[in-house]
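In case you want the letters, here they are:
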Amino acid sequence: MKPRAPCRIAAVLLALASVARAQDFGSAAPPGPADAPCAFIESGLPPSSIAGAEAAFTRWFALPDLETRAIAAAAGIGALRVAAGVSQTGEAGIGWNAAGAALGVVRERAGVALRAVARRDRTIAPGSEAALHLEDRAGLEAGGGAWLAPAENLIVWASVPQAWAGGTAPPLDRPMELGARYAIGDSTGRGGLAFWVARGAPSGDAPADHAAGAMLRSGPLAAWATVRDRPLRGGFGLSARARWLVVSGEVESHPDLGETVRVGIALLGSPP
Amino acid sequence: MPRRDAALACLLWVAIAAASLGAPRARGDAAHAAREARAAALCAPAAHPLIAEVFYDAIGDDTGSEFLEFYNPYDGALSLAGARIEAGDGSGPNRWTLRWTGHAGDSVAAGGRFVVGGAKVQPAPQSIVTLDLQNGPDAVRVVWPDGAVEVVGYGPQEFAEYACGAPAVDVPAGRSLARMPDDADLGANAMDFRAAAPSPGRANQPRRDLALVAGSLALAPEQPDPGASARLTGRIANAGAGSIASGEASLAAAAISEAGPIPLVTHAIGAALAAGDTIAFDESITLAAGKWRLRAAVVLAGDEAPDDDADSLLARAGPGPLELTEIQFHPARGEGEWVEVRNRSAAPVDLAAFTLSDRGTTRGVAAACALAPESLAVLAEDRAALIALFPGLDTARVRQVRPWPILNNSDDSSGVADLVVLREEDGTPCQRVAYSAAGVPGGTPLEWRDGGWWPSVASTGTPLAPPVAATPLSRRFACSPRRLRADGTARLAWDLPCPRSRVSLELYDLAGRLVARPVPEFDAPPRGERSWRAAEIPPGVYVALARARPPSGDPIVESSAIRIEGRAP
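Residues numbered from 1 in each chain as written. Chains lettered and ligands numbered in written order. Predicted model: local features only at pLDDT ≥ 70, side-chain atom pairs only at ≥ 80, totals over all residues. Heavy atoms only, no water.

## Some details on the overall build of chain B
Rules: What counts as a helix is a DSSP run of H or I of at least four residues, what counts as a strand is a run of E of at least two, and both are numbered from the N terminus. Each residue is assigned to one of three classes by its accessible area relative to the maximum for its type, calculated with a 1.4 Å probe on protein chains only: buried under 20%, partly exposed between the two thresholds, exposed over 50%. In this description, contact between two residues means that some pair of their heavy atoms is separated by no more than 4.5 Å. Reported accessibility uses the Shrake-Rupley method at a 1.4 Å probe radius. Residues are deemed covered only where the shown protein chains occlude them.
A tally of helices and strands in chain B yields four helices and 40 strands. Burial analysis of chain B (569 residues in total) assigns 49% to the buried set. When contacts within chain B are restricted to residue pairs at least 6 apart in sequence, long-range pairs at least 24 apart make up 62% of them. Of the accessible surface of chain B, which amounts to about 25,200 Å², a share of 54% is contributed by carbon and sulfur atoms.

## Some points on the overall build of chain A
The number of helices and strands found in chain A is three helices and 14 strands. Every one of the 272 residues in chain A was classed for burial, and the buried ones make up 49%. When the accessible surface of chain A is summed, it comes to about 12,100 Å², and 67% of that surface belongs to carbon and sulfur atoms.

## Here we look at the sheet that holds strand β36 (residues 501–509) of chain B
Residues and elements named next belong to chain B. The line we're drawing: Pairing between two strands is assigned when DSSP locates at least 2 bridges connecting them.
As summarised here, the arrangement of the five strands in space is β34-β40-β39-β36-β37, forming an open sheet in which the pairing is mixed. Since the sheet does not close on itself, it has two edges, and those belong to β34 (483–484) and β37 (514–524), each with one partner. When strand β39 (residues 540–549) meets strand β40 (residues 556–564), the two strands line up antiparallel, connected through nine bridges. Paired with A548 across the two strands is I556, which belongs to β40.

## Considerations on the pattern of salt bridges
Two side chains bearing opposite charge may form a pair once their charged atoms approach each other closely. Formally: For this analysis, a salt bridge means a side-chain nitrogen from Lys or Arg found within 4 Å of a carboxyl oxygen belonging to Asp or Glu.
Enumeration according to the criterion identifies 54 salt bridges over all chains in this entry. In this structure, D509 of chain B engages R513 of chain B in a salt bridge whose closest nitrogen and oxygen atoms are separated by 2.9 Å. When salt bridges with common partners are traced through the structure, they connect D24, E42, R115, R119, E141 and R174 of chain A into a single cluster.

## Some words on the interface of chain A and chain B
Counted only if it meets this: We call two N or O atoms a polar contact when they sit within 3.5 Å, provided that within protein one can donate a hydrogen and the other can accept it, with sequence-adjacent residues counted only if both atoms are side-chain atoms. Here the term charged refers only to Asp, Glu, Lys and Arg, the term nonpolar to Ala, Val, Leu, Ile, Met, Phe, Trp, Tyr, Cys and Pro, and the term polar to all other amino acids, Gly among them.
Chain A puts 32 residues into the contact, and the matching count from chain B is 23 residues. Connecting chain A to chain B are seven salt bridges. R137 of chain A is the partner of E565 of chain B in a salt bridge, and the nearest nitrogen-oxygen pair spans 3.6 Å. In this assembly, chain A and chain B are joined by 17 residue pairs in polar contact (both at pLDDT 80 or more). If one sorts the elements of the side of chain A that touches chain B by residue count, strand β7 (residues 154–167) of chain A sits on top with three residues. Looking at the side of chain A that touches chain B residue by residue, the class counts come to 13 nonpolar, six polar and 13 charged.

## Considerations on the confidence of the model for chain A
Residues and elements named next belong to chain A. The condition is simple: Every residue is assigned a pLDDT by the predictor, reflecting its confidence on a scale from 0 to 100.
Mean pLDDT for chain A: 87, with 87% of residues reaching 70 or above. Mean pLDDT across the elements of chain A ranges from a minimum in helix α1 (residues 5–16), with 42, to a maximum in strand β3 (residues 80–89), with 97. Within the model, the stretch residues 1–20 combines pLDDT values under 50 with 45 contacts to residues more than four positions away or in other chains.

## Some words on the side chain of D309 of chain B
Residue and element names in this part refer to chain B. How we decide: A positive count includes Lys and Arg, and a negative count includes Asp and Glu. His and the chain ends are not counted in either.
Looking at the element boundaries, D309 is found in the loop between β19 (290–300) and β20 (310–317). The buried charged residue D309 lacks any salt bridge, with R295 as its nearest oppositely charged partner at 7.8 Å. Residues within four places of D309 in sequence aside, it is in contact with D209, L210, L212, A296, A297, V298 and D303.

## Examining the pairing of strand β1 (residues 50–55) of chain B
Side chains on a regular strand alternate between the two faces of the sheet. Residue and element names in this part refer to chain B. A large share of β1 lies buried, amounting to six of its six residues. In this sheet, strand β2 (residues 67–71) lies alongside β1 in antiparallel orientation, the contact comprising five bridges. Bridging across to β2, V54 finds its partner in L68. Inspection of the sheet shows β1 paired to strand β11 (residues 176–179) by two bridges, in the antiparallel sense.

## Some remarks on the sheet that holds strand β38 (residues 527–533) of chain B
Residues and elements named next belong to chain B. Quick note on the threshold: Axes here mean lines fitted to C-alpha atoms, for a helix over just the part in contact, with angles spanning 0 to 180 degrees between N-to-C directions.
Reading across the sheet, the three strands line up as β33-β35-β38 and stay open at both edges, with antiparallel pairing between neighbours. A single partner strand is all that each edge strand has here, and the edge strands are β33 (477–480) and β38. For this sheet, the mean angle separating the axes of adjacent strands, direction not counted, is 15°. Here β33 runs beside strand β35 (residues 489–495); their pairing, made up of four bridges, is antiparallel. Following the sheet pairing, A478 is matched in β35 by A493.

## Observations regarding the environment of L114 of chain A
Residue and element names in this part refer to chain A. For L114, the position within the fold is in strand β5 (residues 110–121). Note on L114: relative accessible area 61%, which makes it exposed. Separated by 29 residues in sequence, L114 and G143 place their C-alpha atoms 5.8 Å apart. Look past the residues within four positions of L114 in its chain and what remains in contact with it is A101, A102, L103, G143 and G144.

## Observations regarding the side chain of D209 of chain A
Mapped onto the fold, D209 of chain A is located in strand β10 (residues 209–218). With relative accessibility at 3%, the residue D209 of chain A sits in the buried group. A polar atom in the side chain of D209 of chain A sits 2.4 Å from the side chain of R513 of chain B.

Listed below in C-alpha cells is the structure:
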C-alpha cells in the first residue's frame, strides 16, 4: 500500500458515514478507541489495555432527574478483550437499568468487537400489566465496532452500536459513526498532540452529525476540546493518571439545553 | 337696403315668427336654448314640463309615499291637462298602466313644480293619487296630449321601450330618482338622473347646498375609553350648483346626552368647494363615559336644502351594560356556536334589547330574558343542542338567537377571524371583540381572563360559569405525563410572571439534536395549558424545552426529561 492510501481510505469512510452518542455507558473520553471499559461497551471498539475497571457518572443537560451511573470492568487474555457493566439512568418514572457486555479481539494495528446492551424500565411492579408485557418495557440492542491503524500515527474506526434492536426502543437512536484520529507525539507515547474528526450517519430524516477535536497529552495529564454541530456547541475534558488510577471529566455546553457533565474514575491494568 | 339692416330685419322676422307659433320661451340661458334646439334627439319633449323626480321605493310600505314631480324650466306656464302618467312593468313588452291624468286646471308655473303623489307625501302634492309604481327594474312615462312621450326607466331593462337611452340607476329604498341638474337632458336616463334624498316640490340641486354626506360620520375607535382621544370623521359635499368660498361655511359637532349637548368642534371650513366637490374632516374628540349621540352639522348662509346639513351617530365611551365573556366559534360536539355574556350593570337587563352580530350584516336578537346584575347568560345558535351537551345549565339563561351570525373559524390576512359585536337595539355599541382563531385547539372556546382572550382551560368551555383557573404550578412549566405512548397526548402547563408572552415547546434527543416542535410558538396568558400529540415523534428519551418570550426582558426557559414509549423499529 502506498503511504498515502490510509489517508484516502479514512477520507472515504468519513464521507460515507456519520457521530453516535453515548447513552448507558458514557465515559469522559474523546471519541474513538479508548482504554476505559465503559467506552468499550458503549462503542464496541476494543481497548489495547489488558484489564481495568471504571465507574462513570453523567448528568445530561443539567437535569437532575436525568443522570446515568455506570460501573464496568474489562479483562484481556492475549488478543481477547471482554468487558461487562451495569448502569442506571433517570428517575423512576422515565428511567431504566441496563446491563452491557462487549467481546473483542485486538491486534497490534487493529481491533474488532461485538457489544450488546439489555435494558429494562426501572419500575415494573411484579404481576403488573407492564410485567406481563415486558417487551414494552425491556429491550436489547447489539452491534459492534472496529478500528484500524493503517499508519503509525493514524487510527480510523467505525462503530455500529445499534445494528440490531428489539423490544422497547433504545432511549437514543445511534446510527453508525466513523472517525479518524491522527497523533503527533514523541516516540515514548507519553506526550504529544492528537486531532480527530468523526461523522455520525443521518438518523431518519435528520442530516448527518459532525464532530472534531484535539487532545494534548503531557505525561499523566491529558486535556481535550471538541466541537459538534446540530446545533454548534463545544466541550472540553481533562484526565489525570497516577499509576493505574485514572480520573477524568468532561463538560459539553449546549446553547439551549445547558451543560452535560461526565466524570469517571478508572483502574487500568496497562499504562499507555 | 344696406346689408346690416337686412340682417337685423331677418332676425326680427324670425323672432316674431317664433312668438306667433305660441311656443313658450325657454327661461333664458344658453343651455335651455341648446336643449330646445336638440329636443328631438333627447329624452324630454320640448315645450312640456320635465319629469324632475320619481320616488318609487319608500322604506317599508310604499303606499301613499310615492310621487312624481314635474318641473317647468320655461318662462311661461305649461298646462298638464290631458297628460297621463303611466307605470311600466319591465318584465314584458307593452305593459303600461295608467296611474294619473291631468285635469283641465292643472298647470305648472314658469320655473315651478307640480307634484303628483300619495297622501303621505310632505309637503302635500298638488294632486293626490296612489301611483303604485313598480320597484326597479321598471319605468314611468308621461304621455302628452300632442303625442309626445317622456320615459324614465330605472334598473337594467330587457325592453327598449322602458327607458330613454341607458336606464337610470335603480335607487335603494328611501332614495328618489332625481334629475340633476333639474333641467338636465343629455340623451339618456342614466346621465340625467341619480339617487338623491326625496325633495318633493323643491329643487333637486339647489344653487347653494352644503351637505354632510349621509352615512359618512364615523367614530374611531367605535367605542373609545372614557377621556381617551377618538377621531370623528366624515365627508362634506357641495351639493349645490354654485361654488362655496373658503371660510364661508363652518362645521360644528356636539355630543348629546339626556343632560343636553356638549360642544365638541366648531370651526370654519377652510377650503373652497366647487359644485360637486367633497372634502373629508377628521376631528380629535374626547368623550366622558356613557352613551352619546354625536351630531355633526355644516352651516352655510343661504343654504337652500337644510335637510342634508347634519348627520348623527350613536356612540358609547367605556363599557356597555352587557359584556362578552366567552366565545365558542368552532364547536366540535354538535352544540352549535354560542357566546357567554355578563350583565355588568347595577340593574337587570333584557337580553332581547341587544343584538349580536359578526363582521357581516346579520344582527341576531335573543329571546327575552331579564338578566340580573353580575349574572351570566348564554346566547346560542342551537339552544336545544347546547342544553343537551351541558345538561346542568340553568336553561332560563340559555337563549336562542335568531338569526345567528355565523362566526368564522380561520383568520384573514390581518390575523382576525371575525368580530363579535353586541349593540343595544337602537344600534348603540355595547362591546366589540375581534378574535383570532390561530392556535386555538379545535372545539375549545375563547374566554376572557387575565386581561385577554385566551383558549379556555376547559376544553369544552364553561358556559354560565366563570373560567376554570389553571392549576398553580411550583415551576414555570410542567410537562405531563412524563411518560407517554407513541400516539399519546401530553399537556404543557405554564405559570408565568408576565401578562403575555410567546410560549413554545421543543423536543431534543439525548444527543442534543432538535427532533420536534410539538407546540409551535403562540401567544399565551400568564397561566394556562395546552395539549400536544406525540404522533410522528420516534420513541425515545427526550429533553422537553419549554420557552416563554415576554414582550420585554429575557426569555424564561425550563427543561425536563420525558419518555415516549414504543417498540424498536
